[in-house]
Amino acid sequence: MARGKLRIHLGAAPGVGKTYAMLSEAHRRVGRGTDCVVGFVEHHGRPRTEVMLHGLEQVPRRELEYRGGVFPEMDLDAVLARRPQVALVDELAHTNVPGSRNAKRWQDVEELLAAGIDVVSTVNIQHLESLGDVVESITGVRQQETVPDEVVRRADQVELLDMTPEALRRRMAHGNIYQPDKVDAALSNYFRPGNLTALRELALLWVADRVDAHLTQYRSEHRVSAIWGSRERIVVGLTGGPEGRTLIRRGARLAEKGAGGEVLAVYIARSDGLTSASPKELAQQRTLVEDLGGTFHHVVGDDIPAALLAFARGANATQIVLGSSRRKTWQYVFGPGVGATVARESGPDLDVHIVTHDEVAKGRGLPVARGARLGRSRRVWGWIAGVAGPPLLAALLSIVDLGLANNMLLFLALTVAAALLGGLLPALASAAVGSLLLNYFYTPPLHRWTIADPKNIVAIVIFVAVGVAVASVVDLAARRTHQAARLRAESEILAFLAGNVLRGETGLEDLLERVRETFGMESAALLERAGDVEPWTCAGRAGRGRPIERPDQADVDIPVGDHMALALTGRVLPAEDRRVLAAFAAQAAVVLDRRRLQEEADRARTLAEGNRIRTALLAAVSHDLRTPLAGIKAAVTSLRSEDVEWSEEDRAELLEGIEEGADRLDHLVGNLLDMSRLQTGTVTPMIREIDLDEVVPMALGGVPDGSAVLDVPETLPMVAVDPGLLERAVANLVENAVKYSPPGAPVLVAASALADRVEVRVVDRGPGVPDEAKERIFEPFQRHGDAPRGAGVGLGLAVARGFTEAMDGTLNAEDTPGGGLTMVLTLRAAGPRPELRPVAEPERQAS
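Note that this is a predicted model, so its numbers are computed, not measured.

Thresholds applied
Residues numbered from 1 in each chain as written. Predicted model: local features only at pLDDT ≥ 70, side-chain atom pairs only at ≥ 80, totals over all residues. Heavy atoms only, no water. Helix = DSSP H or I, 4+ residues; strand = E, 2+ residues; numbered from the N terminus. Buried < 20%, exposed > 50% of the residue type's maximum accessible area, 1.4 Å probe, protein only. Contact = heavy atoms within 4.5 Å. Areas by Shrake-Rupley, 256 points an atom, 1.4 Å probe, with all protein chains shown as cover. Salt bridge = Lys/Arg side-chain N within 4 Å of Asp/Glu carboxyl O. Patch = residues over 30% accessible without salt bridge, like charges linked within 9 Å, V, L, I, M, F, W, Y side chains within 5 Å. Lys, Arg positive; Asp, Glu negative; His and termini not counted. Charge placed at Lys NZ, Arg CZ, Asp CG, Glu CD.

A. Quick look at the overall build of the protein. Counting its regular elements, the protein contains 25 helices and 24 strands. The buried share of the protein, taken over its 847 residues, is 43%. Residue pairs at least 24 apart in sequence account for 71% of intrachain contacts in the protein once pairs closer than 6 positions are excluded. When the accessible area of the protein is evaluated, it comes to approximately 44300 Å², of which 55% is carbon and sulfur surface.

Encoded structure:
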């Protein structure tokens, strides 16, 4: 029996319309005459979804009792007995009630598919098993019901149901997803814009990965070697020469011209490892590719044009960028070159760009890596075996004569041993000495240097030739093995180095310490100077060796550009180690430049912020502080006037105006002082564990009675805060909300716990703030829109956020469902209340 086909509607978040789309698909299939039934569909009380069930045959559900309740589940046996062509099964990740045949609904679906029934199902991205930890870190909610990724990946069709966070929140606010009594809580917690955006990105990336995997599988199964230009992929061929940076930038410009363009820089090395590019230059080019958003690849291949084309076709590339040949004119007698060969064999589906550069026709000039030398002790033992071994062997054979043929084999074996120990030259010496001893002791006439039988001459000549050939092969194999081990170690070091530096995980001193440990040196220092005649200065140092003031004082120095050098003390390094050291030097220069650029950016940011604050402060002092001062001055002048006889009511009104003006001045000056403390970094919070209901009510003392409603449950966990800073932050938020709230609409101050966080939400029903201004209102001296008269200098929210961040919390603005603005102050929970969470339940306490 043929297996049924599975189609899954994958939702980016709850409420995007998965079930509605599944039912719409069912109506289309029924209209085409397909036998389609509803195995299990949950409409969650949504009228539009419930209407879509009309006209579809529904298999009666099976009711199961569990812990005193009755729960409906899909009747798997009834669906199998009905044997429709297509069955609709909602909520693929659902956990069945205990007593069902299978523990999970996706296992029920597997039985339907095995019975040859096509299934259309739904699942949300947050229910995929592999994304459980990611979703929990985003939303703070651990998904208990999950489905293995492989179940979804095996589906014949996966259709993504997507919706923008704004549209989904509007659907929620209109009551199209949850019941009205759950809307506010959902919008404030799970359905935040940030949560929905992150879930949407997860869904898009997961589906894109599946599409790319299916495309690769299809091309492999159908042996498609042609390039499918679904998007521009530019392969940049590098030789390790200085022209590589020009080619990378040209490839990046080509990629920018097409949507979704991608740059893949590739360096192809020969398998023997004898010819390689400069590690310093390759490290710089790798950094440049990463900075431009591309990827760097290292490929091994003896036929460079074939390897480059194979890489490009394997990556489904559309264009190749190569540099003009650096070979001189006479060198073309050896062949047409890589560029011409690639262009000739690329075919019609792969464009080849030959880019000119400054190194054209200047010669290849690539460094050649010499073969690795054998150690001194091995060479000594090789010469002992090659020179002293044959006489000792001849002395042993004088006791037991095995015949000329066997004697030759024994001398040949000694030659091979000399090659294994000391290389080619000791083996040649062993072959020469052995041939003389064979001639003198074992070839008639004995004990004479002449040879009577011409056949013995041929045998000795063949012995020498075989000995030399075997020694050459053994010596080459030994050198290749040693060289491969060394190159592998170099590759591991360079990969570790490049990865750390590109991710910004390595500081200059840490990098120099890594250099010192890698090469076993006493100290390492990066020296620089401003000009050719300027003195050297130390930019960074590691180790305990003698101080290095100039490169010529070091045992090893590697220049980096014209005015920088990496200097090491301890011992003299062999030439082959300098290649890797050059890569370290280049990376050290990059780290130093990055650190200085960051310091300059920080200084520029600090200066710009200081200038902005000073300018705004002058404007505030000249405008906002003048108003209460003018009011106080006018009231005092009126009271002191002897020309007017003031009544008691008028006198009280003037004194009240003076008091209000003084209060306004006190509030404005207090905010200015708080802002200056935040700008100078002198705010030092005294963190301790405290209950919110001890602090938040005190923050409402400065607002009129009845203008704020407090909802702080006593069961909330304690928070780790500075009580004074928290009270001031909440007071500023409440005062700001009261200013903008319409009459008769009190501000709500509510608190709730979410995972390991505690949130304080200050909700008003005012005009609200558009999304593009939600961050700007937290900047100093910012007042959104038409602020009411006397609203202050615009520091309240800035001070509140500064105090909150000083306590390791966050403060953000969100829309209030139905209109208005909600300030969300998130704090770190200190732990559960001991008197409310018994110690005897550690698992529940941890959750």
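That covers the picture; the talk isn't over yet.
B. Main features of the pattern of salt bridges. In this structure the tally under the stated criterion is 27 salt bridges. Of the charged contacts, one joins Arg 344 and Glu 345 as a salt bridge, the two residues approaching to 3.6 Å between their closest N and O atoms. Overall, the relative accessible area of 55% leaves Arg 344 in the exposed class. Taking the relative accessible area as the measure of exposure, Glu 345 reaches 40% and is therefore partly exposed. Between Asp 771 and Lys 774 there is a salt bridge whose closest N-O contact spans 2.7 Å. Asp 771 sits in the partly exposed class, given a relative accessible area of 48%. Lys 774 sits in the buried class, given a relative accessible area of 10%. Connected through shared salt-bridge partners, Arg 7, Glu 25, Arg 28, Arg 29 and Glu 159 make up one network.

C. Layout of the environment of Leu 511. Examined against the element boundaries, Leu 511 turns out to sit in helix H18 (residues 508-519). Put simply, Leu 511 and Gly 540 are 29 residues apart on the chain and 9.7 Å apart in space, counted from C-alpha to C-alpha.

D. Focus on a positive patch on the surface. Together, Arg 249, Arg 250, Arg 253 and Lys 257 give the surface a local cluster of positive charge. When you line up the elements, Arg 253 lands in helix H10 (residues 244-256). A relative accessible area of 47% means that Arg 253 is categorised as partly exposed.

E. Seen up close, a nonpolar patch on the surface. Together, Trp 383, Val 387, Leu 425, Leu 428 and Val 468 make up a nonpolar patch on the protein surface, roughly 410 Å² of accessible area in all. When contributions to the nonpolar patch are tallied by element, the ones reaching two or more residues are helix H14 (376-399) and helix H16 (424-442). As for its position among the elements, Val 468 is in helix H17 (residues 454-502).

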